[in-house]
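Residue-level structure breakdown
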Amino acid sequence: MKLIAKLKKTFFLLFFFLSLSAMFGPVLLENYERAKNPYIYSSDARQSISYFYKHQDPDLFPDTYALEYFNELEAYGYRAFFKIGSYFMDVGRLSKVLPFVLLGLTLTFLALAAFQISGLAGAWAVVAISLSSGFLLQALGGATPRAFAYPLVVLAIYALTLGRIYLLFLCVVAGTLFYPMAGVLIGANIVAVLFLLPKEDRGDAKEWSLKKRVLLTLGLIILSLSILQPQMSGLKEKYGRSFTQDDCSTVPEIGLEGRMGAIEGMCGDIPHLPEELLAHSKHAILFVYGAKTWSIDHYELAQIMLRDAIGNLDRDDLLTIIIWLFVTVGISYRAFWKNDSVIRRWLSLLAVSCVAYIIARAFVPTFYFPNRYLYPVGPLFILFIFAATHITPELLAKKFPRLNQKWIKPYLIVGVTITLLLFLGSHGNPNGGLPNDRQFNKQIYKFVATLPKDVVIAGWPKGALEDLPLITQRQNFASHSHHHTFHLGFVLEMRRRTTALINAYFATSIEPIKNLKDSYGVTHLIIHKALFKDYPPRHFSPFFKMAIKKREMGRKDGFEALRQAEFAAVFKWQDYVILDLSLLKVAG
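Residues numbered from 1 in each chain as written. Predicted model: local features only at pLDDT ≥ 70, side-chain atom pairs only at ≥ 80, totals over all residues. Heavy atoms only, no water.

Comments concerning the overall build of the chain
A tally of regular secondary structure across the chain gives 24 helices and 7 strands. Out of the 588 residues belonging to the chain, those deemed buried represent 57%. Considering only intrachain contacts with a sequence separation of at least 6, the fraction spanning at least 24 residues in the chain is 73%. When the accessible surface of the chain is totalled, it reaches about 26,100 Å², and 62% of it is carbon and sulfur. (Helix = DSSP H or I, 4+ residues; strand = E, 2+ residues; numbered from the N terminus. Buried < 20%, exposed > 50% of the residue type's maximum accessible area, 1.4 Å probe, protein only. Contact = heavy atoms within 4.5 Å. Areas by Shrake-Rupley, 256 points an atom, 1.4 Å probe, with all protein chains shown as cover.)

Some words on the environment of Ile 418
By the secondary structure assignment, Ile 418 is in helix 18 (residues 409-424). Ile 418 sits in the partly exposed class, given a relative accessible area of 34%. It is 8.8 Å that separates the C-alpha atoms of Ile 418 and Ala 128, two residues lying 290 residues apart in sequence.

Here we look at the packing of aromatic side chains
The final tally for this structure, using the stated rule, is 35 aromatic pairs. Taking the centre distance of 5.6 Å and the plane angle of 85 degrees together, the rings of Tyr 78 and Phe 148 count as edge-to-face. Pair noted here: Tyr 78 is in helix 5 (residues 76-85) and Phe 148 is in the loop between helix 7 (135-140) and helix 8 (149-162), with a separation of 70 residues, a long-range link. Look at Phe 369 and Phe 486: their rings are 5.7 Å apart centre to centre, the planes differ by 50 degrees, and that puts the pair in the tilted class. Here Phe 369, found in the loop between helix 15 (341-362) and helix 16 (378-389), pairs with Phe 486, found in the loop between strand 4 (475-476) and helix 21 (488-505); they are 117 residues apart in sequence, far enough to count as distant. Judged by its relative accessible area of 4%, Phe 369 falls in the buried class. (Phe/Tyr/Trp six-rings, centres within 6.5 Å; stacked < 30°, edge-to-face > 60°.)

A closer look at the sheet that holds strand 5 (residues 524-528)
The strands making up a sheet are joined through hydrogen bonds of the backbone, oriented either antiparallel or parallel. Taken in spatial order, the 5 strands make up an open sheet running 4-3-5-7-6, and their pairing is mixed. Across the chains shown, the open sheet's two edge strands, defined by having one partner strand only, are strand 4 and strand 6 (569-573). Looking at chain direction, strand 5 and strand 7 (residues 576-580) are connected through 5 bridges and run antiparallel. In the strand pairing of strand 7, His 524 is matched with Asp 580. (Pairing = 2+ DSSP bridges.)

Brief notes about the nonpolar core
Phe 82 and Trp 346 are the most contacted members of the largest nonpolar core, which has 138 residues in total. Here this core gets 20 residues from one element, more than from any other, and that element is helix 6 (residues 91-133). Residue contacts for Phe 82: discarding those within four places in its chain leaves Ile 49, Phe 52, Val 91, Leu 94, Ser 95, Leu 98, Ala 143 and Phe 148. Judged by nonpolar contacts, the second largest core, of 41 residues, contains Ala 66, Met 260, Ala 547 and Leu 579. (Core = buried A, V, L, I, M, F, W, Y, C linked by side-chain atoms within 4.5 Å.)

Here we look at the side chain of Thr 176
Among the structural elements, Thr 176 can be located in helix 9 (residues 165-178). Residue class for Thr 176 comes out buried when judged on its relative accessible area of 3%. Excluding residues within four positions of it along the chain, Thr 176 makes contact with Ala 75, Gly 183, Ser 224, Ile 227 and Leu 228.

Some words on helix 20 (residues 464-471)
One full turn of an α-helix is made of 3.6 residues, so residues set three or four places apart face in the same direction. Counting buried residues in helix 20 gives 8 out of 8 residues, a clear majority hidden from the surface. Listed in full, the buried residues belonging to helix 20 are Ala 464, Leu 465, Glu 466, Asp 467, Leu 468, Pro 469, Leu 470 and Ile 471. Two residues or fewer after helix 20 comes Gln 473, characterised by a positive phi angle close to 55 degrees.

Focus on a nonpolar patch on the surface
A cluster of nonpolar side chains, Leu 210, Val 214, Leu 218, Ile 221, Ile 222 and Leu 225, forms an exposed patch at the surface whose accessible area comes to about 550 Å². Along the chain, Ile 222 turns up in helix 11 (residues 210-239). For Ile 222, a relative accessible area of 58% puts it in the exposed group. (Patch = residues over 30% accessible without salt bridge, like charges linked within 9 Å, V, L, I, M, F, W, Y side chains within 5 Å. Salt bridge = Lys/Arg side-chain N within 4 Å of Asp/Glu carboxyl O.)

Quick word on the pairing of strand 5
Burial analysis of strand 5 places 5 of its 5 residues in the buried class, which makes it a mostly covered element. Side-chain alternation along strand 5 places His 524, Ile 526 and His 528 on one buried face and Leu 525 and Ile 527 on a second face that is also buried. With 2 bridges joining them, strand 3 (residues 456-458) and strand 5 adopt parallel strand pairing. Residue pairing in the sheet places Ile 457 in a bridge with His 524 of strand 5.

Things to note about the packing of helix 10 (residues 180-195) against helix 15
A pair of packed helices is characterised by two quantities: the angle between their axes and the separation of those axes. Two elements in contact, helix 10 and helix 15, have axes whose closest approach is 9 Å; the angle formed by their N-to-C orientations is 125 degrees. Between helix 10 and helix 15, the interaxial angle falls into the category oblique. For the element pair helix 10 and helix 15, the recorded crossing hand is right-handed. Residues Leu 185, Ala 188, Asn 189, Ala 192 and Val 193 of helix 10 form the contact with helix 15, whose own contacting residues are Arg 345, Ser 348, Leu 349, Val 352, Ser 353 and Ala 356. Taken together, the residues that form the contact of helix 10 with helix 15 break down as 7 nonpolar, 3 polar and 1 charged. (Axes fitted to C-alpha atoms, helices over the stretch in contact; angles between N-to-C directions. Parallel < 35°, antiparallel > 145°, perpendicular 65-115°, else oblique. Left-handed = near helix turned anticlockwise from the far one by under 90°. Nonpolar A, V, L, I, M, F, W, Y, C, P; charged D, E, K, R; others polar.)

Printed below as a string of structure tokens:
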């Protein structure tokens, strides 16, 4: 019997690694090959990663106002990690390799949580579903601060699975150091477990007295606030107060046409919880980010299931709702009919996340963007799918008693998972986490990288200019990606800089261009000729209308930047010209 058990375990271990490698290895390798390309990156890496190059070379980025602002927005642990990491590895390479490390950690903790319920077969099922969805690769791309939230929240889910409250405490501290939203969620979950769940669901804290629970919780809150408060105070002192709802009508940068728009902004009709929960869970469940399905097309599947009754409903939404109905029945069965404390603790984390969203939505922007409270619990949706499918073998065993043999259960779990993958799964997404491919601007980047380290390059805020610090390690000026809207002082300063840029870009005389050089230290100006014709100079409010007006005014007398191209151009490629502002010539 021991030999049979050993052979069975060996078989499942081989199946675990070989099957997952065969199913998802090619896509992961393709994603890694994309990551090695310096012109392919995650959007948010431009603002989160670029500043850390200064740790490797202090001569870079002479005007660090915008980059430094983003650096000071990041949590202490995140900054310390990249500062230390920059001494051992190129920052750009570190930001490309780290997502795979974080993916490995996240999948490991997910597998361990599932293993506690259904052994190796359950662990395989969860990893297969996670890799099929492509959600995690998308979320971890660029190694931005929120990428650290996923392994931390999943570690917290594993701690909930085991009922280890002290491990949850460590997750709160780590979350506060790397991504405060994760710390808030896990901390609130601790409160729910210790004070709202029944005694039998408290895990290690089952025998804790009320006094001990209160004191430890207060200590955790004080420790977390002591980490966050100095940073919050420093930001306010240096960059002005945070925005409120009262600013929506007076500060266009934060309005519906502003930097963040209606979805992640602080003004307008922010989605209610059901809409946001549906949208976010759709991203985590199986089919949204997949590149190529294993079997039947998802849209075709939706049509087969509901024929012409779909009407104008989004079919992905429809499939998500169907899965949620199945999941709700499954986890309710386990949590209440089967009296499973683990599932109830998992549900408490989802409940806390939903309550946090509702509170943040009601008091936006006091508690940051509401949807960020739902982001980190995406892996929980995957575990819920697994927990729901887990009841299938039990129900089959009741119907067919011969299936109640212990040895048959793992094969049933794997079989149910494979069925899910065939109809709703995919190979994964090779572009996950790396959506931006800027190889078409390669010639610009190659030239800019040859310029001195202390240059400051202006240009239209959207497009090639945004990528310069990350790809070329050269300073840009007033770009879209480095123009966030959290603090009034920062927004007003960036408005001043962007206005000066627009005035210079569409100027009819040399003075506004010289102003960029003399007042802001700009050394080069990237000109995109199409913007002087009919190509829209897109930017958020109030700058788009400002640019259109300036361009119309300049068409009568001609644009100075195009005239200066005869004397000051140091680079020309297709529709782009780069001017060296030290070579400007006054007419006549």
